[in-house]
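# Chains, contacts and geometry: an overview
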Amino acid sequence: MQVALNVLLKMFPKHKGIITGTYFTFGSIATFTIPIVTGWLSKTNIQLVMNFDVMIELVGTILVILAAVSLSSGSVLSSIRHMVTGLLHVRTSTISSDQTKDN
């Protein structure tokens, strides 16, 4: 947890108090809610718990990649904007190519 907090503080050095408070608040919320969600999912099907775990891991991996790109380029907002634009472009091209196959 400390490494992730240090990365965030490096990305936003002017707002250390806000970043620290927000980071630990979301960590506390996750600590409380994840066992509730997984318990509820396990009552339905244990495979749902595994799928939920994979989804959380994928989101974490994407966030780590965003942080690494942002830290290497120096500009956090422009890097995020560039990544989102690239993802939207990939999604748009995938949809348009799928639509031409169906027609």
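Everything numeric here is computed off the predicted structure, so don't read it as measured data. (Residues numbered from 1 in each chain as written. Predicted model: local features only at pLDDT ≥ 70, side-chain atom pairs only at ≥ 80, totals over all residues. Heavy atoms only, no water.)

### Some thoughts on the overall build of the chain
Helix and strand content of the chain: four helices and zero strands. Listing every helix and strand of the chain by position from the N terminus yields α-α-α-α. Considering the chain as a whole, with its 103 residues, one finds that 12% of them fall into the buried category. The long-range share in the chain, meaning contacts at least 24 apart out of those at least 6 apart in sequence, stands at 22%. (Helix = DSSP H or I, 4+ residues; strand = E, 2+ residues; numbered from the N terminus. Buried < 20%, exposed > 50% of the residue type's maximum accessible area, 1.4 Å probe, protein only. Contact = heavy atoms within 4.5 Å.)

### Quick notes on a nonpolar patch on the surface
Residues I34, M55, I56, V59 and L63 make up a contiguous nonpolar surface patch of roughly 430 Å² in combined accessible area. Sort the elements by how many residues they give to the nonpolar patch and helix α3 (residues 46–73) lands first, with four residues. Among the secondary structure elements, I34 is positioned in helix α2 (residues 16–44). For I34, a relative accessible area of 33% translates into the label partly exposed. (Patch = residues over 30% accessible without salt bridge, like charges linked within 9 Å, V, L, I, M, F, W, Y side chains within 5 Å. Areas by Shrake-Rupley, 256 points an atom, 1.4 Å probe, with all protein chains shown as cover. Salt bridge = Lys/Arg side-chain N within 4 Å of Asp/Glu carboxyl O.)

### A look at the packing of aromatic side chains
Applying the stated criterion across every chain yields a total of one aromatic pair. Look at Y23 and F24: their rings are 5.5 Å apart centre to centre, the planes differ by 85°, and that puts the pair in the edge-to-face class. Residue F24 is classed as partly exposed on the basis of its relative accessible area of 33%. (Phe/Tyr/Trp six-rings, centres within 6.5 Å; stacked < 30°, edge-to-face > 60°.)

### Some words on helix α1 (residues 2–11)
Of the residues making up α1, those classed as buried are L5, L9 and M11. For α1, the buried positions fall inside an angular range of 160° around the axis, keeping them on one side. Set apart from the buried face of α1 by more than 90 degrees, the exposed residues are V3 and K10. (Arc of directions from axis to C-beta.)

### As for α2
Taking 1.5 Å per residue as the helical rise, α2 with its 29 residues ought to reach 42 Å, and the 42 Å between its terminal C-alpha atoms agrees with that figure. Buried within α2 we find I19, Y23 and L41. (Expected span 1.5 Å × (residues − 1).)

### So, the packing of α1 against α2
For the pair α1 and α2, the least separation of the axes is 10 Å and the interaxial angle reads 145°. For the pair α1 and α2, the crossing hand works out as right-handed. Together, Q2, A4, L5, L8 and L9 of α1 and K16, I19, T20, Y23 and F24 of α2 make up the contact between the two elements. Classifying every residue of the contact of α1 with α2 gives seven nonpolar, two polar and one charged. (Axes fitted to C-alpha atoms, helices over the stretch in contact; angles between N-to-C directions. Left-handed = near helix turned anticlockwise from the far one by under 90°. Nonpolar A, V, L, I, M, F, W, Y, C, P; charged D, E, K, R; others polar.)

### Examining the confidence of the model for the chain
Counting all residues, the mean pLDDT for the chain is 79, and 72% of those residues have values of 70 or more. Model confidence for the chain, summarised as mean pLDDT per element, is weakest for helix α4 (residues 76–102) at 60 and strongest for α2 at 91. (pLDDT = per-residue confidence, 0-100.)

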